[in-house]
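Spelled out, the chains give:
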Amino acid sequence: MITAIVFIKAEVARIPEVAEQVAAIRGVSEVYSVTGTIDLIALVRVHSHDEVADVVTRDINTVPGVVGTETHIAFRAYSTHDLEAAFSLGD
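What you are looking at is a predicted structure, and each value in this text was computed from that prediction instead of being measured.

K.L.:
Kindly report on the nonpolar core, identifying the contributing residues and their values.
P.N.:
Core analysis: the biggest nonpolar cluster contains 21 residues, and I8, V22, V28, V44 and I60 have the highest contact counts within it. Those elements that provide at least two residues to this core are β1 (2-10), α1 (15-23), β3 (40-46) and α2 (49-59). The leading source of residues in this core is β1, at five residues. Each residue touching I60, except ones within four places of it in the same chain, is listed here: V6, I8, V22, I25, V28, V44, V55, V66 and T69.

K.L.:
Residue-level account of the pattern of salt bridges, with values.
P.N.:
In this structure the tally under the stated criterion is seven salt bridges. Ionic pairing is found between E51 and R26, a salt bridge with its closest N-O pair at 4.0 Å. A residue pair is termed long-range when its members are at least 10 positions apart, and E51 in helix α2 and R26 in the loop between α1 and β2 (28-33) qualify at 25 residues. Of the residues examined, R26 reaches a relative accessible area of 68% and is grouped as exposed.

Thresholds, definitions, all that
Residues numbered from 1 in each chain as written. Predicted model: local features only at pLDDT ≥ 70, side-chain atom pairs only at ≥ 80, totals over all residues. Heavy atoms only, no water. Core = buried A, V, L, I, M, F, W, Y, C linked by side-chain atoms within 4.5 Å. Buried < 20%, exposed > 50% of the residue type's maximum accessible area, 1.4 Å probe, protein only. Helix = DSSP H or I, 4+ residues; strand = E, 2+ residues; numbered from the N terminus. Contact = heavy atoms within 4.5 Å. Salt bridge = Lys/Arg side-chain N within 4 Å of Asp/Glu carboxyl O.

Next up, the structure:
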């Protein structure tokens, strides 16, 4: 399994719409709205580098409102903690 972290810059007025459309793409496991110089982070989990290329260039980059993307391929995972627990706010 290949995991790619995709930073997405979107038109400000369309961020929620872009996030929902990206989240619906096959191969995208999660989408987070974030602060900083980017607007969204998408986690892509697929079986091959070719699939990463397809998901990013054919699918994510063509969502209306996406201004640009930057893709990072993960080499190794150092934590097996549940992402929900990692982002929990003191539950």
